[in-house]
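Residue strings, one per chain:
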Amino acid sequence: MKRNAIIIKKSIDGKRCIAVDEEHAEELLRFFMQDNRYQKKFNHICELILGSHVNRELYDKEEPDDKCRGVRAMKFFKGQDNARVYCKEVTLKDKTFVVIAAGVLNSKKQNKLSYKELNIIHRVAGYEYNKIE
């Protein structure tokens, strides 16, 4: 499924970007900006990604099977709301690394992946982006 993404944040050197899936942009931006806690957590996760820092507590692989390569999750408030934003990592022809936020899960209730979560992960894994700007 060919899709478009909108870049919302860039690293200082422009080699790393955060984008949102165009079809889900309104839902994703509403989620990120729903209150001050979420805004701060989102900005912190973006700083980590854009700075090439690793923090598996906040941003990590979500690859339950071989069909889900390149899917990651931004993790909001583990042990509380435990919300997730599922993302697809893409490297453009000019070597720019882009993390595209593509699906929201408002609350993850168990350690094991449920059918609902697997469905979102597989859907995000199937997205192909032809236009990222």
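Look a little higher up for the structure.
Draft legend 1. A look at the pattern of salt bridges. The tally for this structure, following the rule as stated, stands at 13 salt bridges. Ionic contacts of the salt-bridge type, sharing partners, join the residues Glu 63, Asp 66, Arg 69, Arg 72 and Glu 89 into one network.

Draft legend 2. Focus on unusual backbone geometry. Here Phe 77, not a glycine, exhibits a phi torsion of approximately 60 degrees, which is positive. Mapped onto the secondary structure, Phe 77 falls in the loop between strand S4 (71-76) and strand S5 (83-91). Unlike most non-glycine residues, Lys 95 shows phi in positive territory, near 75 degrees. When its relative accessible area of 64% is taken as the criterion, Lys 95 is described as exposed.

Reading the values: the criteria
- Residues numbered from 1 in each chain as written.
- Predicted model: local features only at pLDDT ≥ 70, side-chain atom pairs only at ≥ 80, totals over all residues.
- Heavy atoms only, no water.
- Salt bridge = Lys/Arg side-chain N within 4 Å of Asp/Glu carboxyl O.
- Helix = DSSP H or I, 4+ residues; strand = E, 2+ residues; numbered from the N terminus.
- Buried < 20%, exposed > 50% of the residue type's maximum accessible area, 1.4 Å probe, protein only.

Shape descriptors only; they carry no functional weight alone.
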